[in-house]
Amino acid sequence: MQDFYRYVEDHSREYIPELQRLLREPSISSNTVGISTTVSLLEKIMRRMGCEVHQIVIQDSKPFLFAEIGEGERSILFYNHYDVQPVEPLNHWDSGPFMAEVKNGHIYARGAADNKGNLFARLAAVETYLKVNGRLPCRVKFLLEGEEEVGSPHIEAFVRRHAEMLNADLCFWESGTVNQDGRPFLSFGMKGLAYLEMRCRTLPSDIHSSWAPIIDNPAWRLLYALSSIRDESGELTIDGLADHIETISEEEKQRVAEIDFDFRFYRDLYKLRDFLNPSDEQLLLQRYFFSPTSNISGIHSGYTKAETKTVIPHEAWANLDFRLVPHMSPELVVGLLRSHLNRRNFHDVDLTLKCGLAPYRCQPKREILDNVAVASREVFHGEPIFVPMLAASGPMHYVCSPHRLPVISFSIAHPGSQIHAPNENIRIQDLLRGIMFIGRILEIFS
Ligand SMILES: [Zn+2]
């Protein structure tokens, strides 16, 4: 591996322009600007290294790219996405979001961390490995998606048609971070997601609020309904939901206790007075990884301007995202929530599931993790931080469950990467280490 590491170090500057070229194409998932150029750039890189590349469109989806290269019995599947989040608010960026400016050892651009930097590190690792060694030690598959940031609406259909492509010995997923001292968090799953709208409409149109003594208000109705599903400590109180939460095993608790998680860093980063329900740090971590949540993403009703208007609004609605732990499907949560609300006479509160992702978790064998730890010591000069699953969600279940793939999620983002926010960035050092780490991971499968 020393030749490989040395090559990456000696050619470190040569990786940057190609990544910048990718970052300068907008490829925001909700529109089409830059999508076809991004797809062509990626295809070009993969063909250059000798991959067989397939561009697959499902109905009106953005193209999926599937590529394969290498020989041997063992294979590794890399999942990444080339689409990015919108860039607003634009005036909060220090330089244009698609300028891909290099400053103080960082590259700034929308998509630098989520997910083009990661995607590029993987492609660069495979290409560099081929340059240094002539051939790959195992088979490598890439699945690149263009709609991850809008909930992967076509991936289920893609997998239904092409499940056989996704068989592998390990899947390398794309999210996470390195920690403050540069060691990687590596996780073995993702929480699921149920994104739903709760809407209460009680009147055909707004009316004078002098009717308030005898005509109910949908905003109050919605607030009572909302407050029935979670208590102040953050615990979900939906009837029957707790029966679907796995108890945390002693082994799991032990592993969580070993996670080096810097709460103070995040308290300062988000300028918090404290965390929600801060009993002790161990319990906070257990909740972070193993508890389902209900979050209000947005809430709206009536007159919200600064001037005065006394009115009973005709409707109120809220968008909620539930994060789901293993064995909890989006449909299960919506079903339990519906019954819960009916039991409390909230028949006038409508539920619409807008986006659902099942959770997924499958930890690789000890032998693989031991090798991954060796790779981390060589590249990141420290132990990896294994965590049970990501508290975030993604389409992992679709990609990994047909063949029940063991999964490791790894990203070159750092805690200040500003993912989904202005001034998104990666550190060039993390990019280079990411390339080296992935190169070393390929060796594990030789
Ligand atoms: Zn994202």
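Residues numbered from 1 in each chain as written. Predicted model: local features only at pLDDT ≥ 70, side-chain atom pairs only at ≥ 80, totals over all residues.

Quick look at the overall build of the chain now. Looking only at helices and strands, one finds 13 helices and 19 strands in the chain. Over its C-alpha trace the chain gives a radius of gyration of 24 Å, about what one expects of a compact globule, namely 22 Å for 446 residues. Across its three principal directions, the C-alpha atoms of the chain cover 80 × 50 × 45 Å. Each of the 446 residues in the chain was classed as buried or not, and the buried ones make up 41%. The long-range share in the chain, meaning contacts at least 24 apart out of those at least 6 apart in sequence, stands at 80%. (Helix = DSSP H or I, 4+ residues; strand = E, 2+ residues; numbered from the N terminus. Rg over C-alpha atoms; globule rule 2.2 N^0.38 Å. Buried ≥ 20, exposed ≤ 12 C-beta atoms within 10 Å, placed from the backbone. Contact = placed C-beta atoms within 7 Å.)

What follows is about the domain arrangement of the chain. By domain assignment, the chain separates into domain 1 (2-188 + 362-444) and domain 2 (192-245 + 291-357). Distance from the C-alpha centre of domain 1 to the C-alpha centre of domain 2: 36 Å. Taken together, the contact pairs 6 residues of domain 1 with 5 residues of domain 2. Of the residues contributing to the side of domain 1 that touches domain 2, the split by class is 2 nonpolar, 4 polar and no charged. (Domains from an automatic or database assignment. Nonpolar A, V, L, I, M, F, W, Y, C, P; charged D, E, K, R; others polar.)

The buried count for strand β6 (residues 139-145) comes to 6 of 7 residues, which makes it a mostly enclosed element. Looking at chain direction, strand β2 (residues 64-69) and β6 are connected through 5 bridges and run antiparallel. When the sheet's bridge partners are listed, leucine 65 is paired in β6 with leucine 144. Two elements, strand β3 (residues 75-81) and β6, share 7 bridges in a ladder whose sense is parallel. Its bridge partner lying in β6, phenylalanine 78 is registered against phenylalanine 142. (Pairing = 2+ DSSP bridges.)

What follows deals with the environment of leucine 23. On the secondary structure map, leucine 23 appears in helix α2 (residues 12-23). Leucine 23 sits in the buried class, given 27 other C-beta atoms within 10 Å. Residues leucine 23 and isoleucine 107 lie 84 residues apart in sequence; the distance between their C-alpha atoms is 9.5 Å. The residues contacting leucine 23, other than those within four sequence positions of it, are Phe98, Ala100, Ala109, Gly111, Ala112 and Lys116.

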